Structure formats: C-alpha cells, structure tokens
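# Structure assessment
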Amino acid sequence: MAFITADRERFPNTPWQLVETRHEQGSAGTLETLFALGNGHLGIRGAHWAPADADLPGSFINGLHEIWDIKHAENAFGFARTGQRIVYIPDANNFTVVIDGEALSLAESEVLEYRRSVDFATGAYECRIRWQCRSGATVTTTERRAVGFRSRGSLGISLEVAADRQVSLDVTSTVSNRQDQPVEDHSNHDPRRAGRHAGRVLLPLRLDGGDGSLRLSWEAAESKQRVGLAVDHWTSPGHQPFDTLVDQDESSVRYVLAASADEPFRLEKSVSYAAGPAVQDDAVDAAEVAEAGLRPVQDIFEESEAHYKDYWATSDIVVTGQPELQQAIRWNLFQLAQATARADVAGVPAKGVTGSGYEGHYFWDQEVYILPYLTYTNPDGARQVLEYRHGILPDAKIRAKELSVDGALFPWRTINGLEASAYYAAGTAQFHIAAAIAFATNRYLWATGDTSFREGMGAELLIETARMWISLGFFAKDGLFHIHGVTGPDEYTAVVNDNLYTNVMARFNLRAAAALEHSGITQEERQLWQAAANLMHLPFDERMQVHSQDNDFMTLEPWDWTTPRSKYPLLLHFHPLVIYRHQVLKQADTVLAMFLQWQDFSAEEKQRAFDFYDPITTGDSTLSACVQGIMAAEVGYAGESLKHFTDAAFIDLDDTHGNTIDGVHIASTGGVWSSLVCGFAGLRDQGPLPFFDPRLPAEWEGLSFHLRISGRLLRVELTQGAITLTVSDGDPLDVDVRGSKVTVGSDPVRVELADIPEPEPTVFPTGLPTAGIPLVRGRN
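Residues numbered from 1 in each chain as written. Predicted model: local features only at pLDDT ≥ 70, side-chain atom pairs only at ≥ 80, totals over all residues. Heavy atoms only, no water.

A separate point is the packing of helix H16 (residues 624-635) against helix H17 (residues 638-649). Their axes nearest at 8 Å, the elements H16 and H17 cross at an angle of 160°. Comparing their axes, H17 and H16 come out roughly antiparallel. Here H16 and H17 pass one another in a crossing that is left-handed. Side by side, H16 and H17 meet where Ala625, Cys626, Gln628, Gly629, Ala632 and Ala633 of the first sit next to Glu640, Ser641, His644, Asp647 and Ala648 of the second. (Axes fitted to C-alpha atoms, helices over the stretch in contact; angles between N-to-C directions. Helix = DSSP H or I, 4+ residues; strand = E, 2+ residues; numbered from the N terminus. Parallel < 35°, antiparallel > 145°, perpendicular 65-115°, else oblique. Left-handed = near helix turned anticlockwise from the far one by under 90°. Contact = heavy atoms within 4.5 Å.)

All right, on to the sheet that holds strand S4 (residues 59-61) then. Judged by pairing direction, the sheet is antiparallel, and its three strands sit side by side in the order S2-S3-S4 without closing on themselves. Each end of this open sheet is capped by a strand with a single partner; those strands are strand S2 (37-38) and S4. Bridge count for S2 against strand S3 (residues 42-44) is two bridges, and the pairing is antiparallel. Along S3, the bridge assignment pairs Leu37 with Ile44. (Pairing = 2+ DSSP bridges.)

By the definition in use, this model includes 32 aromatic pairs. Summarising the aromatic geometry, the rings of Phe475 and Phe481 are spaced 5.0 Å apart at their centres and angled 65° between planes, so their arrangement reads as edge-to-face. With a relative accessible area of 37%, Phe475 lands in the partly exposed category. When its relative accessible area of 1% is taken as the criterion, Phe481 is described as buried. Look at Phe610 and Tyr637: their rings are 5.7 Å apart centre to centre, the planes differ by 50°, and that puts the pair in the tilted class. Taken together, the residues Phe610 in helix H15 (residues 603-613) and Tyr637 in the loop between H16 and H17 connect sequence positions 27 residues apart. Each member of the aromatic cluster is reached from another via a ring pair, and the members are Trp16, Phe120, Phe149, Tyr308, Tyr311, Trp312 and Phe334. Residue placement shows Arg330 over the ring face of Trp16; its charged tip is 3.7 Å from the ring centre. (Phe/Tyr/Trp six-rings, centres within 6.5 Å; stacked < 30°, edge-to-face > 60°. Buried < 20%, exposed > 50% of the residue type's maximum accessible area, 1.4 Å probe, protein only. Lys NZ or Arg CZ within 6 Å of the ring centre and 35° of its normal.)

In this section: empty space enclosed by the protein. Under the definition given, this model contains five cavities of 30 Å³ or more. Approximately 80 Å³ is the volume found for the largest cavity. Pro372, Tyr376, Phe439, Arg443, Phe595, Leu596, Trp598, Trp673, Cys678, Leu683, Arg684 and Asp685 together form the lining of the largest cavity. By residue class, the composition of the lining of the largest cavity is nine nonpolar, no polar and three charged. Each pocket or cavity is described by its volume, and for the second largest cavity that value is around 60 Å³. (1 Å grid on protein atoms, 1.4 Å probe; cavity = no way out; pocket = protein on both sides within 12 Å on 5 of 7 lines; lining within 4 Å. Points joined across faces, edges and corners; volume = space filled by probe spheres on them. Nonpolar A, V, L, I, M, F, W, Y, C, P; charged D, E, K, R; others polar.)

The predicted model of the protein averages 95 in pLDDT, with 96% of residues at 70 or higher. Confidence drops under a pLDDT of 50 for residues 770-780, and excluding neighbours within four residues, the segment shows zero contacts in the predicted structure. (pLDDT = per-residue confidence, 0-100.)

What follows concerns the environment of Ile317. Inspection of the secondary structure assignment puts Ile317 in the loop between helix H3 (297-315) and strand S20 (318-320). Taking the C-alpha atoms as reference points, Ile317 and Val716, 399 residues apart in sequence, are found 9.9 Å from one another. Once residues lying within four places of it in the same chain are set aside, the contact partners of Ile317 are Gln326, Ile329, Leu333, Trp673, Leu676, Val677, Leu703, Ser704 and Phe705.

With that out of the way, let us pick up the sheet that holds strand S14 (residues 202-210). Judged by pairing direction, the sheet is antiparallel, and its nine strands sit side by side in the order S1-S9-S10-S11-S12-S19-S16-S15-S14 without closing on themselves. Lying at the two open borders of the sheet, with one neighbouring strand each, are strand S1 (17-20) and S14. Recorded for the sheet is a direction-independent mean angle of 10° between the axes of neighbouring strands. Note: strand S11 (residues 138-147) against strand S12 (residues 154-163), nine bridges, orientation antiparallel. By the bridge assignment, Val147 is partnered in S12 with Leu155. Contacts from H3 reach strand S10 (124-132), S11, S12 and strand S19 (265-275), with the element oriented near 60° to S11.

Right, let's talk about the side chain of Ser252 for a bit. Structurally, Ser252 is set in strand S18 (residues 250-259). Taking relative accessible area as the criterion, Ser252 reaches 12% and is therefore assigned buried. Not counting chain neighbours up to four residues away, the residues in contact with Ser252 comprise Thr172, Ser173, Thr174, Asp243, Thr244 and Leu245.

Listed below in structure tokens is the structure:
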C-alpha cells in the first residue's frame, strides 16, 4: 500500500516541503494528519478551511483531557478506575467564503488550480486555490497558518481573497467547539482509535464577543480542567465586522463587502489558548490569560521561522544522493519537533498533538523511542519529560501498593498519572515501562552529566523503579531471579513468565540503581539489587541455540503464515487468546532487548535472535520496523536494514497501517531518527565512551548529523569507507570507533572503515522438538 509515493505528480518530491498539487476526494482525513501543525503544546490538524471539505478536523492541547469512570463488565481488585481522553479544544481554523452567493468548497465548486504545502524550514502551512465561480469571476484564496513557539498557545491564520473583477464577498470566521458536536469518530471497534464521550464535555464559563473579538472559556465537566480562548481579527482595508455572534458551540465573526479586483481582501486571525495549572483557579479568568498571549499574526509567522532556522541548524539529518528518502526523513524530523518543542513539563502523546489516536495517552514510547532524539538534540526537552514522570511518582507509588509491590509502578497509559488501561493483559502487565523510564533517565544522565538531576529526581526514579523490580521478582529453587506474570513489548504474547526483554531491562535498572551513591540506599538493599541482577534468569532454547522470548515461547504452535494479508493486523481479526497461543510477534521484543542492552550479548547471539524472530514478526506495530532495521544493520544484513528503514520512514506518509487519520505515529518518527543515528551510523551509548560502528548502505553517498553529548556539539559525517567526526562547540571528546579510541576536537578526525561482510543466515532445526521421539507402543 502506498499513498504519497504512489502519486508523485500529486505529491512532488521536494526536500523541504510536503506539497499537494491536486485535490482528490477520499483522503482528506489522512492528509489532515500529514499537514498538521504543532509545537508540542498546541496542535492543529491540517484540515481545509471550509467545513464541507474537512473530514476529521480539530485542535488539541497536550494534557487537556476529560475523565470518566471505567465500567468493567467483570470487575476485579486493582483494575484501572479512571478513563482519560484528550479533548478537542474549540477549533479556530474555520471559514466560509461566499462569492456572489456561491459558497466555495472543493466538493461543489470548480477548481482551476490547487496547491497546498507545509514548509519544514519555516513551519508554515499554505493552501492556495484558484476557483472558477458560477458568476463568472475567477477568485484565488490563500490561507496560511503557523503556531507560536515563544508563546506556545498562539496560532496565527491569514486568509486572502483576490478576484479578477468586483465581487460580492461574504466571509465568516468561526470558532467551533467540535468536542460537543455530533461527529463520526471512525472508531469501527479499532482499539487504536479514540472514542467519544456520551455527555457534554465542555461547559461554558465565559462567552463574550464584539467588534471582531472573542473571549471564551470552558471547563471540562469531570476533570475540571479549563481552557481559555482569545481571538482578534484584522482586515487589510480596515473593514468592520458585519456581526459578531457568540455561543457555547459556535462563535463567529462575519464580514460582508464588495471586493474590487485591485485590492484583495485580507483577513488575519490571531488566536491564543490558555490551559494548564495557571487557569485552574476559580479566581482566574482563563480567557483573560489567553488574551495576554495574543500576538500579531506576522509575529507568529516570524517566530515559527526563527525557531525552525535554529532547529535545522543542528537537528537536520542529510542523506546524500537519496532525494526520495530525504523528504521523508525531514518530514519525520519535523514531526518530532512539532510533538516536543514546547511540551515543557509534560509527556509526549503517542500521536503528539496531531490527532486523538490512543486518546492522547503517554506510553513507554516516549522513553524508548522519543527520548533518544530529545536527549541528543534537545537535552532540556528530555529533562522536562523526565520531570513529568517524577511529578507523577506519588501516584506511581500508590499504584505499586495496589499491585502488591514496593517502590513505584508507573501506569502503562496515562495523561494525569493514573492507570487508564482497562485491558490489564496488554496494559498493566507491561511492567517493563518502569525499566524504560529508568533507561531514559540513565541515558540522559550519561549524555549530559546533569549532576543536579542525578542527585535529585533522577536518583529517585532509578531507586523507586529498582525497588519495584526486586519485590515483583523472586529467587527460585534454581538460585536464579525470576519475574513472572508480565507482558513484554510484543503484545501478541501476554502474561508470561520471564519475558527476556523485561528481565534484561530490569537487570539494567537494578544495576543502574545499585551504582548510585545515594543516602537513601542501604547497603543491604544495594547488595540485594546486585544479586538479583547477577542472577537474573534469561530464557535460552538449547535446541535452537537462541534466546527465547519467554520461558514458554518455544513451545507455542507456529502461526499459520498462509493467513491472507487482509487479516492483518491480527488484533483486529482474531481473539487475543488465539494469538497468545501461537508463535507470532506484533513487534520486535527480544531483538529490541539486544539493541538497548547491546553490551550484554555477543554478535552471534544477536544474529541468531534476528534470524529467528524477524520472519515471525508481523510488523502490526509501528514501533517494530525501525528496531528491526537497526538490528539488521548491526548484524550485517544491509538489504534487510534498508528495507525496514524505508518502511519506517513512510509509515504515515504512505499510511501503511491504515490509521494515519488518527494522528502521526510519533514513536515511529523517533525510530526513524534512531535508525539513522543508531542503525546506519551505529551509535551505542551508556558505555565507557560514545561508540560508533557504522553501516552505511551501499546505495547512499553519505550521511551527516549532529549530536549533543556532554555539553559538546559533535558533528558526524559518514561516507563510503570512512567516518569523520568534529566537535563544533565545546571541549575535545573521546569517542570509540569500532574499538579504537579517538580524541575529537575542532579539527575534523577521519577514521577509515573496512567493509563488513554479510554473514551467512542461521539455519535452524526443522520440525517440532518432539519429532524425533519414537512412539511408545502398548503391550499386545
């Protein structure tokens, strides 16, 4: 399946933009995601301005959510109690344009020319359409949008209408409360998609407007979170509004005029949102807080352009000689910036602020897939995500007690710090989220040397998660430490004993905590953590000579691989119990463990694991392709590595999973960054030195990027047969390249690289383990 790459005439391959040159019916929702804008706090989907041309429009604020009581058909102690869902905030991106009595819309009007784009270099969205009106006039509309960065609640929109003759022009600018309007939610019983609330969510607190200005605020019915909105309008010839109407669900400002051919009508719409702790006090008027953030529209555009100029100077990744991939890479990097730049102390939703998919929840994705990118490009942003995790530590300690463990147990999916996963087998049982948080904490400390975080929040995160592991697991009769009743990253195998990924990551967590010099750790506790780590059971299948995903995985029945592609993803076509009893993976699990804990496994162990698990991994999860590609590169499978990387780079651009309409898969975009930096450039961290073992594809001329490490800015340039390293900002840095230590300073250091031969694939024993056992005949 392909979308963008299937029609390069409609979507030309431009290195710094995503461009659409022709409108077609049927793909509006997916394109609303691909053309969305955001800054990590505020997001606006890329819907057309005319309501008739939008499919699933909306705007979002990270963390603004509604709650409800989860009703379990069969209840049990410790089940999640509070559902959380991101709220569609009142949406300001709505216009109707009427020319000589004709309401313009792509669905009903004649379009002569069409072009819309989102510019990665400036962060600006633009849509220019030339219409042939029924009155005979030719009219061109141009809409532009940008979100603020210095003022993160700001949104600037401009709409220009130019005609080739005098026309009667009627333009209405609307703010629409989409959350409480009937809408097709496209759920189709797909658990990846967000549902809708039964009752009204946004209750009006203030509804004021006049002379083209709106001051509005609402409160969520159950969560009591508030959002304020301020809107000002400006027109180029100084036209006064025909009327200004205010309502809890739709407020509007209307302009009626005769527009001449020599003076286009230009309408600028400055929008400011306010949400979060600053507006939750009853004495605070959220609309007034929003009003204070209003900015001239041109300032917002300039602010966006300045932000991206700085961003790309150190965050761009250039692949030489691969223009098709270059556009996709920049689109993915652009999405990472939009999901994180001004999130501040908050999590990163699985869809960023581009849609309501996964209900706006934060998962382990942010620590394992997104924080590597943040740690090495925006360390302050990485710290703020970890500060958010520390902020919900009190709730995590309460949750641990509910699950009869010590320390802290972080929720599998959440916004407000409480567990929101109603299906415990693929939710709460994924205890490995604790190790993901510890791993991201340790990586941040290793890469930045942030001593204040190490001594405070970072230490607490490492210690409390270690306490959870030591109480969850146990020393068995075999003398080894076991962890039972867990689910690993592969959600097609649930509630198992000794999931290898979980045990490997728990071992890391225990060792990292034990290595801390901290007054809160007793000597007895430290020794217990070290013993559990050293005696951690890692399942290994002697017959296959490969690490087993869990204690029983090798005993499961193989999946029927003649299952037609129409039955994938399996979770939408088979009961979980059917999937659980088969040898089939949703995503990389053991292979992911070997990537993250790279020093703990030999090259042979990694190759055998990849050879065994890659063919039985469906890729039903968007988290998988990037990891499979990274490990294929390390193992030496150049073709497989490039294939998996390409799949990851185009997951959303080609809508390969069929749910891009619900928002960008932000973790996958982080995986694209890791694929380039950790896969093809071969970066491995948290060892004695930054380690590089490059694997540049033969088809590529070069690869270059920057990393922020220990207060330095390291530039990495790969060409065929060499890696060149330069510290462009900061003191010299010691780096390990394939086992050789080099000291890198302001003068480029070039290291020659020998070719890596591709290994012979592993040949595993065939047949079931019992195939060679003779039948025992009974006596006659």
